[in-house]
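Structural features, examined
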Amino acid sequence: MEILANFSLKNYNTFGIEAKAKQFVSVHSVEELKTVLQENPTQKKFILGGGSNMLLTQDIDALTIHVDLKGKKIIEQTEDAVWVEAKAGENWHEFVLWTIGQDFGGLENMSLIPGNVGTTPIQNIGAYGTEIKDTFVFCEAMNIETFEIKKFTKEECKFGYRESIFKNEAKGQYIIVSVVFKLTKQKHKINISYGDIAAELTKKDIVTPTLKDVSNAIITIRQSKLPDPKELGNSGSFFKNPIIPKSDFERIHLLHPEMPSYSVSETQVKVPAGWLIEKAGFKGKRFGDAGIHKNQALVLVNYGNATGQEILNVSKDIQKTVKELFDIEIEAEVNVI
Ligand SMILES: Cc1cc2nc3c(=O)[nH]c(=O)nc-3n(C[C@H](O)[C@H](O)[C@H](O)COP(=O)(O)OP(=O)(O)OC[C@H]3O[C@@H](n4cnc5c(N)ncnc54)[C@H](O)[C@@H]3O)c2cc1C
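Residues numbered from 1 in each chain as written. Predicted model: local features only at pLDDT ≥ 70, side-chain atom pairs only at ≥ 80, totals over all residues. Heavy atoms only, no water.

An unreviewed UniProt entry lists the chain under the name UDP-N-acetylenolpyruvoylglucosamine reductase, with Flavobacterium endophyticum given as the organism. Recorded in UniProt for the chain, the comment headed Function (unreviewed entry) runs: "Cell wall formation." (UniProt positions renumbered as here; feature names shortened; annotations may be inferred.)

The following block contains the structure:
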């Protein structure tokens, strides 16, 4: 375990931003993580997973700890259910495929989401009508100050839409080292009601889809819609879909009758941020090497050598214009560092 100085993070963030870590270390076990924390008590720490949900706007003046703990296993099972544990550094999509390969159900709708398992609880990742909270049982995390391992149950994680305790009260205090999920072994709850999944399955004449069929359909849809970070730097959806009071929406809707919305509760509605950004005229726009994807207004992209600051400036411009046009505030989903 070697601590490297002045380390380039360009290949460690999916935006492909050039930023240097003052110090960088990859840890492969809980013991290594503890040693690094114990031996560097006064250093500021920055935690890195797959780098797919961050915009680096500056060099990291901290000890960057790349969480690379590997391993996945079944820890318990009954006739109907199985509890699986994955270490934080496991690649999420590979883990999902591993569960599907054993006919364990529950994660298939989140196929092809980039990043690592240990980061999934932080923003309660979700896609195609499913969120991590639906199968999450608990995670274990090391306290950065005391090095103790604490177990966080689903309730303690306080999951919300792209939210958890790790983005709020517990921010910067814990490093997640493993996550446990409860999956189905039979009577899978296949969910193809969202987006184009059903249409994709129909194209392939699949009437009774298996977990693998659902996963394959989602992979095909995602590959056709989202830019591959290996080819075009990006961090997926840059903004969250704003959730606003119904009364506000009704007022705004009178001025913009074509504005779509989804009911969240009796008093709140969600408005698609991509629609707002597209209507504000940003879709496909390019400002130097920073831009907005031509097919996905929610996705900001790095055409090559954009700095994090340039992408941040574009995001602020979008937020300001959307606010002026629609009186709706849109918030970044990506962690701006
Ligand atoms: C093309 C593309 C598509 C995407 N689609 C989706 C989608 O459909 N749904 C969705 O929810 N997200 C999506 N994302 C966002 C991203 O994949 C997820 O948020 C993912 O969980 C981030 O994981 P990561 O390991 O890359 O996190 P990182 O970017 O490495 O880290 C994210 C944050 O967590 C902190 N962190 C990292 N590891 C740990 C740890 N072990 N303990 C504590 N803190 C830690 C970091 O400091 C940072 O603040 C997409 C991203 C891309 C590039």
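So that's the structure; there's more coming.
The feature "domain: FAD-binding PCMH-type" (unreviewed entry), as given by UniProt, occupies residues 17-186 in the numbering adopted here. Spanning residues 17-186, this segment combines 14% helix with 37% strand, and its end C-alpha atoms are found 44 Å apart. (Helix = DSSP H or I, 4+ residues; strand = E, 2+ residues; numbered from the N terminus.)

A word on the packing of aromatic side chains. The geometry of two aromatic rings is summed up by the distance between their centres and the angle between their planes. Considering all chains together, one arrives at 14 aromatic pairs under this definition. Judged by centre distance (5.8 Å) and plane angle (55°), the rings of W92 and F95 are tilted. Of this pair, W92 and F95 both sit in helix α2 (residues 92-101), three residues apart, which is roughly one turn of that helix. The buried category is assigned to F95, whose relative accessible area is 0%. Its end group placed over the ring of F138, K151 keeps NZ or CZ at 4.1 Å from the ring centre. (Phe/Tyr/Trp six-rings, centres within 6.5 Å; stacked < 30°, edge-to-face > 60°. Buried < 20%, exposed > 50% of the residue type's maximum accessible area, 1.4 Å probe, protein only. Lys NZ or Arg CZ within 6 Å of the ring centre and 35° of its normal.)

Looking now at the site of the ligand. Near the ligand there are 31 residues, and of these I47, G50, S52, T119 and G126 occur at the shortest range. Interatomic distance of 2.7 Å between a backbone N/O atom of G50 and an oxygen atom of the ligand. Contact distances for the ligand include 2.6 Å between an oxygen atom and a side-chain N or O atom of S52. In the complex, 92% of the free accessible area of the ligand, which totals 990 Å², lies under the protein chains. Secondary-structure elements contributing two or more residues to the shell around the ligand are β3 (45-48), β8 (126-127), β12 (174-184) and β13 (233-237). Each residue belonging to the shell around the ligand can be placed in one class, and the counts come to 13 nonpolar, 15 polar and three charged. (Near = heavy atom within 4 Å. Polar contact = N/O pair within 3.5 Å; in protein donor to acceptor, adjacent residues only side chain to side chain. Areas by Shrake-Rupley, 256 points an atom, 1.4 Å probe, with all protein chains shown as cover. Nonpolar A, V, L, I, M, F, W, Y, C, P; charged D, E, K, R; others polar.)

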